[in-house]
Amino acid sequence: MINKIKFPLWTLLSFLAVTVVSCKKPDIKGEEISVQRVNVSFNTQDGQIKIPDRDTGYTKTASTVDVPLQVMLSDAAPARFDIGVTVNNDTVNKMIADNMLPDGVLLPDDAFTLPNLVDVPFGAGHAEFTLKVNLAVFEKYYGKTLVLAVELSDPTKNNTLDAAKKTVVVQINTTSIIPVNEIHYIY
């Protein structure tokens, strides 16, 4: 009689053991999860954008000159993230003092608008934003080159900046953008 009970008992225990082992989920605690990071930089060869010397895609409206600026990523964005945008006047002042920009004038703070952040969507390989320069400043500094150094800072989600390409110097030739017959008042 005991032999008759042992067989179904061993069968039942074996069935339970196989069921428990096959339904066990793998434990992921302690596994290191790596998130892909991208390197961020301006899309320029020499750190400068000269307008209108190159095909930069700028547009002139009734009140502004809009200069598109492009941020390149080393790979597609693994997640949505932000990049800070600031102005570096010290760079421009040093270039003017060193006579690297003989007819250059620092673009006054009240003469342009620039976003504080650039939003990079998931999967994007680049992001764009616009520098809007007030047309009145062209009349004030007619014959000069308006200069502004735009700098990227603090990309979120552990992404990094390319130190060599985080700053771009935008140079706008006033006489090439506005013909002399369109000047209303020269300071």
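Every residue gets a number counted from 1 within its own chain, in the order that chain's sequence is written. In keeping with the model being predicted, local features are shown solely for residues with a pLDDT of at least 70 and side-chain atom pairs are shown and tallied solely at 80 or more, while totals for entire chains, interfaces and linings include all residues. Calculation of side-chain values draws on the structure's entire complement of heavy atoms; hydrogens and water are dropped beforehand.

Novice: Honestly, unusual backbone geometry in this entry has me stumped. Any pointers?
Specialist: Here I51 and P52 are connected by a cis peptide whose omega angle stands at 5°. Starting at the N terminus, helices and strands are each numbered in turn, a helix being any DSSP run of H or I of at least four residues and a strand any DSSP run of E of at least two. Take P52: it is sitting in the loop between β2 (48-51) and β3 (59-60). For K157, which is not a glycine, the phi torsion comes out positive at approximately 60°. Structurally, the position occupied by K157 is in the loop between β10 (145-153) and β11 (160-161).

Novice: Would you mind showing me how to read the nonpolar core here?
Specialist: When a protein is soluble and globular, its nonpolar side chains tend to lie buried together. With 38 residues, the main nonpolar core has F138 and V150 as its most contacted residues. Looking at this core, the element that brings in the most residues is strand β4 (residues 64-73), giving five residues. Remark: nonpolar core denotes a set of buried residues (Ala, Val, Leu, Ile, Met, Phe, Trp, Tyr, Cys) joined through side-chain atoms within 4.5 Å. The classification of residues rests on relative accessible area computed with a 1.4 Å probe and restricted to protein chains. Under 20% of the type maximum is buried, over 50% is exposed, and intermediate values are partly exposed. In terms of nonpolar packing, the next biggest core, distinct from the first, is built from six residues, V92, M95, V147 and V169 among them.

Novice: I'm lost on the packing of aromatic side chains in this one. Help?
Specialist: The way to describe two aromatic rings as a pair is by their centre distance and the angle between their planes. Only Phe, Tyr and Trp rings take part, Trp by its six-membered ring, and two of them pair if their centres are within 6.5 Å. Stacked means planes under 30 degrees apart, edge-to-face means over 60, and tilted covers everything else. Per the counting criterion, the structure on display carries one aromatic pair. With a centroid separation of 6.2 Å and 50° between ring planes, the pair formed by F42 and F129 is classed as tilted. Of the two residues, F42 sits in strand β1 (residues 39-42) while F129 sits in strand β9 (residues 126-134), which places them 87 residues apart along the sequence. The pair F42 / F129 is uniform in exposure class, with both members buried.

Novice: Quick question: what am I supposed to make of the pairing of β9 here?
Specialist: Successive side chains on a regular strand alternate, one facing one side of the sheet and the next facing the other. Every second residue of β9 is oriented toward a common face, the buried set being A127, F129, L131 and V133 and the non-buried set H126, E128, T130, K132 and N134. Sheet topology note: the β4/β9 ladder contains nine bridges and is antiparallel. Paired with V65 across the two strands is V133, which belongs to β9. At least two bridges found by DSSP between two strands are what make those strands a pair.

Novice: It is not clear to me how the confidence of the model for the protein chain should be interpreted in this structure. Could you clarify?
Specialist: Low pLDDT means the predicted atomic positions in that stretch should not be read closely. Residue-level confidence of the predictor is summarised by pLDDT, bounded by 0 at the bottom and 100 at the top. Per-residue pLDDT for the protein chain averages 84, and the proportion of residues at 70 or more is 79%. Ranking the elements of the protein chain by mean pLDDT puts helix α1 (residues 2-23) last, at 61, and strand β7 (residues 112-113) first, at 97.

Novice: Quick question: what am I supposed to make of helix α2 (residues 89-97) here?
Specialist: One turn of an α-helix holds 3.6 residues; hence residues three or four places apart share an orientation. Between the side-chain oxygen at the start of α2 and the backbone nitrogen of D90 there is a gap of 3.2 Å, and the oxygen is on N88. Following α2 by one or two positions, N99 adopts a phi angle in the positive range, close to 60°. Under this definition, polar contacts are N or O atom pairs within 3.5 Å; protein pairs additionally need one hydrogen-donor-capable and one acceptor-capable atom, and for neighbouring residues in sequence, both atoms have to be side-chain atoms.

Novice: I keep staring at the pattern of salt bridges and nothing clicks. Help me out?
Specialist: Side chains bearing opposite charge may pair, as long as their charged atoms lie close to each other. We define a salt bridge as a contact between a side-chain nitrogen of Lys or Arg and a carboxyl oxygen of Asp or Glu at a distance within 4 Å. Summed over the entire model, instances satisfying the criterion amount to four salt bridges. In this structure, K132 engages D66 in a salt bridge whose closest nitrogen and oxygen atoms are separated by 3.2 Å. With a gap of 66 residues between them, K132 in strand β9 and D66 in strand β4 connect regions that are remote in the sequence. Owing to a relative accessible area of 36%, K132 belongs among the partly exposed residues under this scheme. Overall, the relative accessible area of 11% leaves D66 in the buried class.

Novice: I tried to follow the side chain of T64 on my own but got confused; where do I start?
Specialist: Structurally, T64 is set in strand β4. A residue is classified by how much of its surface remains accessible, and T64, at 18% relative accessible area, is buried. In this analysis, two residues are considered to be in contact whenever any of their non-hydrogen atoms come within 4.5 Å of each other. Excluding residues within four positions of it along the chain, T64 makes contact with T59, V133 and L135.

Novice: What's the story with the environment of Q171 in this structure? I'm lost.
Specialist: Mapped onto the secondary structure, Q171 falls in strand β12 (residues 167-173). Spatially, the C-alpha atoms of Q171 and L146 are 5.7 Å apart, while their sequence positions differ by 25 residues. Once you skip the residues sitting within four places of it in the chain, Q171 turns out to touch Q48, I49, K50, I51, L101, T145, L146 and V147.

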